[in-house]
Amino acid sequence: MDGPRETTIRGMTSALQRIARAVSALERLPVQDQALSPAQAETLRFAALTRPDMATVGQLARVLGVRHPTAVGIVQPLIDRGLVHRAPHPFDRRSHCLGLTGAGREAFASLDSRERALRDSLAVLSPDELHSAEAGLASVVCGLESAGLIVVSAPCAGCVHFRPGDGTSGEKPHRCDLIHRDLGDAESEMLCPEHAPASSR
Ligand code: SF4
């Protein structure tokens, strides 16, 4: 028989699975009279929030945990529906960057507002409960990332490759040692799927 700790872990696992089902149901609500799959909803989120030069199909495949051809198959219907556009990559001629069209931005705003139900559920927690839940869930996410099960996009701050102040111009005052590029303040604050937490090395 399980001890109290194992019982709690099982209970939390069930709760997380239920939350995942609720989020998936929210994302499946129709956009332009057509339902988005969870992977397409995640693709809209990726195109909306990822720094443009990192928003490639290759990075999308990493974030979705799928192979490149599968990512192409997920994004193409969104391009066909006029929600996502593909533009030449500014630094890599073999690559393209994904971004949202005007209709895509509207669809993303609609997705974001649907997630309000989740935010409202969290808002009933006390500040202490919220803080503990955030810290606990962050550890779980970190463990899943270390196990290679998920890719977590994050801004440059706290990334092992980030060199704040090492850029060569006032316009781009920071440097990334991974992609060997200078970055502006706004760029460094957008999400990057290559973020590697300094504490994990
Ligand atoms: S410093 Fe890290 S988060 Fe920023 S661009 Fe480089 S790899 Fe991405």
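Not measured: the values here are computed from a predicted model.

Trainee: Mind laying out empty space enclosed by the protein, listing which residues take part and the relevant values?
Mentor: Applying the stated criterion across every chain, the model contains one cavity of 30 Å³ or more. By volume, the largest cavity is sized at about 110 Å³. The wall of the largest cavity is formed by 16 residues, among which Arg51, Cys156, Cys159, Cys176 and Cys192 lie closest to the centre. Residue composition of the lining of the largest cavity, by class: 11 nonpolar, two polar and three charged.

Trainee: Account for the pattern of salt bridges, with residues named and values stated.
Mentor: If you walk through the whole model with that rule in mind, you get 11 salt bridges. Across the salt bridge formed by Lys172 and Glu187, the nearest N and O atoms sit 2.9 Å from each other. Separated by 15 residues along the polypeptide, Lys172 in the loop between strand S5 (162-163) and strand S6 (174-176) and Glu187 in helix H8 (residues 185-188) bring together distant segments of the chain. Glu187 sits in the partly exposed class, given a relative accessible area of 24%. What emerges from the salt-bridge pattern is a single network uniting Glu27, Glu42, Arg45 and Glu115.

Trainee: Talk me through the packing of helix H2 (residues 38-49) against helix H5 (residues 102-114); I want residue IDs and the actual numbers.
Mentor: Interaxial distance between H2 and H5 falls to 10 Å at its minimum, and their mutual angle equals 110 degrees. Between H2 and H5, the crossing angle belongs to the class labelled roughly perpendicular. Once H2 is placed against H5, the crossing between them reads as left-handed. Where H2 abuts H5, its residues Ala41, Leu44, Arg45, Ala48 and Leu49 lie against Ala107, Phe108 and Leu111. A breakdown of the residues in the contact of H2 with H5 according to their chemical character gives seven nonpolar, no polar and one charged.

Trainee: Quick one: what's the story with the site of the ligand, residue by residue and with numbers?
Mentor: Every residue near the ligand is listed here: Arg51, Cys156, Cys159, His161, Phe162, Cys176, Leu178, Cys192, Glu194 and His195. Mapping the ligand onto the cavity grids shows that it belongs to the largest cavity. Class assignment for the residues of the shell around the ligand results in six nonpolar, two polar and two charged.

Trainee: Run through the nonpolar core, naming residues and quoting values.
Mentor: The biggest cluster of nonpolar side chains holds 21 residues, and the ones touching the most others in it are Leu36, Leu44, Leu83, Val84 and Leu98. At the level of elements, H2, helix H3 (57-64), helix H4 (68-80), strand S4 (96-100) and H5 are the ones that each hand at least two residues to this core. Leaving out residues up to four positions away in the same chain, Val84 has contacts with Leu44, Val75, Leu78, Ile79, Leu98, Gly99, Leu100 and Thr101. Judged by nonpolar contacts, the second largest core, of five residues, contains Cys159, Phe162, Cys176 and Leu183.

Trainee: Can you explain H5? Please cite residues and give values.
Mentor: Between its terminal C-alpha atoms H5 stretches 19 Å, which fits the 18 Å expected from 13 residues at 1.5 Å a residue. Inspection of H5 places Gly104, Ala107, Phe108, Leu111 and Arg114 among the buried residues, and these make up the whole buried set. Down the axis of H5, the buried side of the element spans an arc of 120 degrees, and every buried residue falls inside it. Exposed and oriented more than 90 degrees from the buried face of H5 are Arg105 and Glu106. Where the residues of H5 are buried, they touch helix H1 (4-27), strand S1 (30-31), H2, S4 and helix H6 (116-123).

Trainee: Provide a residue-level description of the side chain of Ser188, including the pertinent values.
Mentor: Within the secondary structure layout, Ser188 lies in helix H8. Exposure remark for Ser188: the relative accessible area of 8% places this residue in the buried category. Leave out the neighbours within four places in its chain, and Ser188 touches Pro155, Cys156, Phe162 and His174.

Trainee: Lay out the packing of H3 against H4 with the relevant residues and their values.
Mentor: As a packed pair, H3 and H4 sit with axes 9 Å apart at the nearest point and diverge in direction by 100 degrees. Here H3 is positioned roughly perpendicular relative to H4, judged by the angle of their axes. Only His68, Ala71, Val72, Ile74 and Val75 of H4 make contact with H3, whose side of the interface consists of Val57, Gly58, Leu60, Ala61 and Leu64. Along the lines of polarity and charge, the residues of the contact of H3 with H4 split into eight nonpolar, two polar and no charged.

So, how was this worked out
- Residues numbered from 1 in each chain as written.
- Predicted model: local features only at pLDDT ≥ 70, side-chain atom pairs only at ≥ 80, totals over all residues.
- Heavy atoms only, no water.
- 1 Å grid on protein atoms, 1.4 Å probe; cavity = no way out; pocket = protein on both sides within 12 Å on 5 of 7 lines; lining within 4 Å.
- Points joined across faces, edges and corners; volume = space filled by probe spheres on them.
- Nonpolar A, V, L, I, M, F, W, Y, C, P; charged D, E, K, R; others polar.
- Salt bridge = Lys/Arg side-chain N within 4 Å of Asp/Glu carboxyl O.
- Helix = DSSP H or I, 4+ residues; strand = E, 2+ residues; numbered from the N terminus.
- Buried < 20%, exposed > 50% of the residue type's maximum accessible area, 1.4 Å probe, protein only.
- Axes fitted to C-alpha atoms, helices over the stretch in contact; angles between N-to-C directions.
- Parallel < 35°, antiparallel > 145°, perpendicular 65-115°, else oblique.
- Left-handed = near helix turned anticlockwise from the far one by under 90°.
- Contact = heavy atoms within 4.5 Å.
- Near = heavy atom within 4 Å.
- Sits in = over half its atoms within 2 Å of the grid points.
- Core = buried A, V, L, I, M, F, W, Y, C linked by side-chain atoms within 4.5 Å.
- Expected span 1.5 Å × (residues − 1).
- Arc of directions from axis to C-beta.

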